[in-house]
Amino acid sequence: MNLAVPSKLAWKFIVIEDRMISWWARYGITLLRLSLGVVFFWFGVLKFFPGVSVAQELATHTISVLSFGLISPAVSLPLLATWECAIGVGLLSGRFLRLTLLLLMAQMAGTFLPLLFFRHETFNVFPLVPTLEGQYIIKNLVLVSAGLVIGAASRGGHIIHDTKALAVAEHLQTLNQRFRRRFHRDP
């Protein structure tokens, strides 16, 4: 029995896996953008209804501290809701992605501030045991990462699942970057 040659059943699994990975590479970033858009739009809409969003109090308190008390919760909550809905619409439509991702990163930076400003509300034991609010904030690292992936692909980038094609693409990209640096124009 030759162990180097996969059996017919194993070969079928390899083919199925390759098709799945190819599908993931082709549609993964689009699905990531759409799902992130749904999350932002949904959570933004919730903030239009006072008392519905679990993040409402912490968010309005953070904005109040940042504005030195000049922006009241009555103003900050609809403003934040509009901001999040705009991010959601931008991600869902795929239009103005650079601006949308800039808004997303700015909003995400603000969401992490309660970890610094309100440790007693975000940690049971700092920095190891977050409260439920702290966990809600820390999970935003995933949203930031998703935004980075979407941003990396926002100018037509794609995931390449074939290792040989990836090596060729990376080599061409390196040559392209060298040409741009040297001659200050596209090849």
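Residues numbered from 1 in each chain as written. Predicted model: local features only at pLDDT ≥ 70, side-chain atom pairs only at ≥ 80, totals over all residues. Heavy atoms only, no water.

Caption draft 1: How the structure looks around the environment of Val45. Residue position: Val45 is located in helix H1 (residues 8–46). Under the relative-accessibility criterion, Val45 is labelled partly exposed at 28%. For the pair Val45 and Glu84, spaced 39 residues apart in the sequence, the C-alpha separation amounts to 8.1 Å. (Helix = DSSP H or I, 4+ residues; strand = E, 2+ residues; numbered from the N terminus. Buried < 20%, exposed > 50% of the residue type's maximum accessible area, 1.4 Å probe, protein only.)

Caption draft 2: Structural context of the packing of aromatic side chains. According to the stated counting rule, one finds five aromatic pairs in the structure shown. For the ring pair Phe179 and Phe183, a centre distance of 4.8 Å and an interplane angle of 45 degrees mean the geometry is tilted. Residue Phe179 and its partner Phe183 are located together in helix H8 (residues 163–183), separated by four residues, close to a single helical turn. What makes Phe179 partly exposed here is its relative accessible area of 23%. If you follow Arg119 out to its NZ or CZ, it ends over the ring of Phe126, 4.0 Å from the centre. Against the face of Tyr136 rests Lys139, its NZ or CZ located 4.5 Å from the ring centre. (Phe/Tyr/Trp six-rings, centres within 6.5 Å; stacked < 30°, edge-to-face > 60°. Lys NZ or Arg CZ within 6 Å of the ring centre and 35° of its normal.)

Caption draft 3: Region of the structure containing a nonpolar patch on the surface. Where nonpolar side chains cluster on the molecular surface, the patch consists of Leu9, Phe13, Ile16, Met20, Ile21, Trp23, Trp24, Tyr27 and Leu31 and spans about 920 Å² of accessible area. For Ile16, the position within the fold is in helix H1. (Patch = residues over 30% accessible without salt bridge, like charges linked within 9 Å, V, L, I, M, F, W, Y side chains within 5 Å. Areas by Shrake-Rupley, 256 points an atom, 1.4 Å probe, with all protein chains shown as cover. Salt bridge = Lys/Arg side-chain N within 4 Å of Asp/Glu carboxyl O.)

Caption draft 4: Representation of helix H7 (residues 140–152) within the structure. Counted at 1.5 Å a residue, the expected span for H7 with its 13 residues is 18 Å, and the 18 Å between its end C-alpha atoms agrees. Asn140, Leu143, Val144, Ala146, Gly147 and Ile150 are the residues of H7 that are buried. In a view along the axis of H7, the buried residues occupy a sector of 160 degrees, so they form one face of it. Along H7, the residues that are exposed and aim more than 90 degrees away from the buried face are Leu141, Val142, Leu148 and Ala152. In this structure, the buried residues of H7 make contact with H1, helix H3 (73–93), helix H4 (97–117) and helix H6 (132–138). (Expected span 1.5 Å × (residues − 1). Arc of directions from axis to C-beta. Contact = heavy atoms within 4.5 Å.)

Caption draft 5: The arrangement of unusual backbone geometry in detail. Cis geometry marks the peptide bond from Phe126 to Pro127; its omega dihedral reads -5 degrees. Note that Pro127 resides in the loop between strand E1 (123–125) and strand E2 (129–130). Backbone geometry at His184 places phi at a positive 55 degrees, although glycine is not the residue there. Looking at the secondary structure, you find His184 in the segment after H8. Residue class for His184 comes out exposed when judged on its relative accessible area of 70%.

Caption draft 6: Local environment of the packing of H1 against H7. The interhelical angle for the contact between H1 and H7, taken along N-to-C directions, is 135 degrees, at an axis separation of 10 Å. In terms of orientation, H1 lies oblique with respect to H7. For the element pair H1 and H7, the recorded crossing hand is left-handed. Across the interface between the two elements, Ile29, Leu32, Arg33, Leu36 and Phe40 from H1 touch Leu143, Ala146, Gly147, Val149 and Ile150 from H7. Residue classes in the contact of H1 with H7 are distributed as eight nonpolar, one polar and one charged. (Axes fitted to C-alpha atoms, helices over the stretch in contact; angles between N-to-C directions. Parallel < 35°, antiparallel > 145°, perpendicular 65-115°, else oblique. Left-handed = near helix turned anticlockwise from the far one by under 90°. Nonpolar A, V, L, I, M, F, W, Y, C, P; charged D, E, K, R; others polar.)

Caption draft 7: Spatial organisation of H4. With 21 residues, H4 extends 31 Å between its outermost C-alpha atoms, agreeing within 8% with the 30 Å of an ideal straight helix rising 1.5 Å per residue. Buried within H4 are the following residues: Leu97, Thr100, Leu101, Leu104, Gln107, Met108, Thr111, Pro114 and Leu115. Buried residues of H4 fall within an arc of 130 degrees about the axis and therefore sit on the same side. Seen from the open side of H4, the exposed residues pointing more than 90 degrees away from its buried face are Arg98, Leu102 and Leu116.

Caption draft 8: Region of interest: the packing of helix H2 (residues 56–66) against H3. The interhelical angle for the contact between H2 and H3, taken along N-to-C directions, is 110 degrees, at an axis separation of 9 Å. Judged by the angle between their axes, H2 and H3 are roughly perpendicular. For the pair H2 and H3, the sense of crossing is right-handed. Counted together, Gln56, Ala59, Thr60 and Ile63 of H2 and Pro73, Ser76, Leu77 and Leu80 of H3 form the full contact between these two elements. Along the lines of polarity and charge, the residues of the contact of H2 with H3 split into five nonpolar, three polar and no charged.

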